[in-house]
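So the chains spell out like this:
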Amino acid sequence: MRSRAWLQALALCAAFSPVLVELAAHMQDEAWARYVLVFIPLVAIVLARESTAAPRRDGLLLLVAALGIELFCLAGSTTRMARPAFPLAILGLCRAFGLARGRTAVLAFWLVPLPWMVLKLTSPDLERTWLQLAAGLLSGMGAELEVQRSSLRGAAGVLGVQASDSGLRLAVLLSGLGWYASLRRNDSLAACVRRALIWGALGLPAQALGTLLAVAVLAMGHSAAARALLDPGLWLVLALLGVARSEQLARQRPQRHPDGVDGTGGSRTPA
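Note that this is a predicted model, so its numbers are computed, not measured.

### Topic: the nonpolar core
In step 1: Judged by nonpolar contacts, the single largest core of 53 residues is most densely connected at Phe16, Tyr35, Phe39, Leu107, Leu173 and Leu177.
In step 2: At the level of elements, helix H1 (2-15), helix H2 (17-29), helix H3 (39-49), helix H4 (57-75), helix H5 (85-96), helix H9 (168-184), helix H10 (189-200) and helix H12 (223-252) are the ones that each hand at least two residues to this core.
In step 3: Ignoring sequence-local partners within four residues, the contact set of Phe16 consists of Ala66, Leu67, Glu70, Ala85, Phe86 and Ala89.
In step 4: With 14 residues, the next largest nonpolar core counts Leu131, Leu159, Val161 and Leu218 among its residues.

So, in structure tokens, the structure goes:
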């Protein structure tokens, strides 16, 4: 069964190869989008650990819809718009052939970077706010810093911020890690949503703290290290902490079987 699943996965990747090539090029050009690389092994882990589920007819509809979206976007030379079709196809494949439960396959949607137009919704106000708060705090402690629009000038150089430094990217990253943590605990769909929202809400304060640390590094005379701390240092650290916390949570409670009964014969959980 597993060998057939791998063949189906390879066929799906081949069908969506134009989208995957475009995604790879996007991440090569835009460093901020590389946070999605965290979810490649996580999706592989949860799908590999998943026991087979009952096939669902709606899976074929989702799969056909995803292929239709891809073909429509390719015909219109808008391959970028077809990105969400890839995780939709993974969801459809898993449901159509009973490879995994729907909530497990949903983690694949975090393989697609947050659209730049969404990041721009809060830009430049939000990233400037974190920069001004950090500069104000450290200036009160004697640091020589000057905010100029979306950049901060210090004795060692300039630290510029952009839309990806607003905290929305971290919110998406943490929400995906929260979903993964719930999957590792074999939680219900409602619990997955709840944990994803709670973890995602930590993205903005995490960005504020990261900006403060970056400004402190700039004040100490290391402008390159300050920028590296924001990207990719900040999301890499959060990803490692999130995965570590996920594994800790998974060990705190006995794993439940897919039918909702835990290994000790305990109570059921919602499907």
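We are not done yet, so read on.
### Things to note about the sheet that holds strand E1 (residues 145-148)
In step 1: Taken together, the three strands give an open sheet; going across it, the order is E1-E2-E3, and neighbouring strands pair in antiparallel fashion. Two strands bound the open sheet, and with one partner strand each, they are E1 and strand E3 (157-160). Neighbour-to-neighbour, the strand axes of the sheet open up by a mean angle of 25°, direction not taken into account.
In step 2: By the bridge criterion, four bridges tie E1 to strand E2 (residues 151-154) in an arrangement that is antiparallel. Bridge pairing links Gln148 to Ser151 in E2.

### Observations regarding the confidence of the model for the protein chain
In step 1: Across the protein chain, the average pLDDT comes to 90, with 92% of residues at 70 or higher.
In step 2: Least confident of the elements in the protein chain is H1, whose mean pLDDT is 86; most confident is H10, at 98.
In step 3: Scored below 50 in pLDDT, residues 257-271 shows 24 contacts in the model against residues more than four places distant or in partner chains.

### Points about unusual backbone geometry
In step 1: In the segment running from Ser123 into Pro124, the intervening peptide bond is cis, with an omega of 5°.
In step 2: Checked against the element boundaries, Pro124 lands in the loop between helix H7 (116-119) and helix H8 (125-139).
In step 3: Between Asp231 and the following residue, Pro232, the backbone shows a cis peptide bond with an omega angle of 15°.
In step 4: Mapped onto the elements, Pro232 comes out in helix H12.
In step 5: Within the chain, Asn186 stands out as a residue other than glycine whose phi angle is a positive 60°.

### Thoughts on H3
In step 1: Of all the positions in H3, only Phe39, Leu42, Val43 and Val46 are classed as buried. Looking down the long axis of H3, one finds its buried residues gathered within 100° of arc, a one-sided arrangement. Turned more than 90 degrees away from the buried face of H3 sit Ala48 and Arg49, all of them exposed.
In step 2: As for H3, its buried residues are in contact with helix H6 (102-105), H9 and H12.

Calculation notes
- Along each chain, residue indices are assigned from 1 in the same order as the chain's sequence is written.
- Where totals are concerned, whole chains, interfaces and linings use all residues; where local detail is concerned, this predicted model gives features only for residues with pLDDT of at least 70, and gives and counts side-chain atom pairs only at 80 or more.
- As a rule here, side-chain values come from all non-hydrogen atoms in the structure, and water together with hydrogens is ignored.
- Remark: nonpolar core denotes a set of buried residues (Ala, Val, Leu, Ile, Met, Phe, Trp, Tyr, Cys) joined through side-chain atoms within 4.5 Å.
- The buried label goes to any residue with under 20% of its type's maximum accessible area, the exposed label to any with over 50%, and the partly exposed label to all in between, with areas taken from a 1.4 Å probe on protein chains only.
- Note on conventions: DSSP H or I runs of at least 4 residues are helices, E runs of at least 2 residues are strands, and numbering of each starts at the N terminus.
- Residue contacts are defined here by distance: any two heavy atoms, one from each residue, within 4.5 Å place the two residues in contact.
- At least two DSSP bridges between two strands are needed for those strands to be called paired.
- In this description, a line fitted to the C-alpha atoms serves as the axis of each element, helices being fitted only across the stretch in contact, and the angle between N-to-C directions of two axes falls anywhere from 0 to 180 degrees.
- What pLDDT conveys is the predictor's confidence in a given residue, as a value from 0 to 100.
- Here the arc refers to the directions that run from the helix axis out to each C-beta atom.

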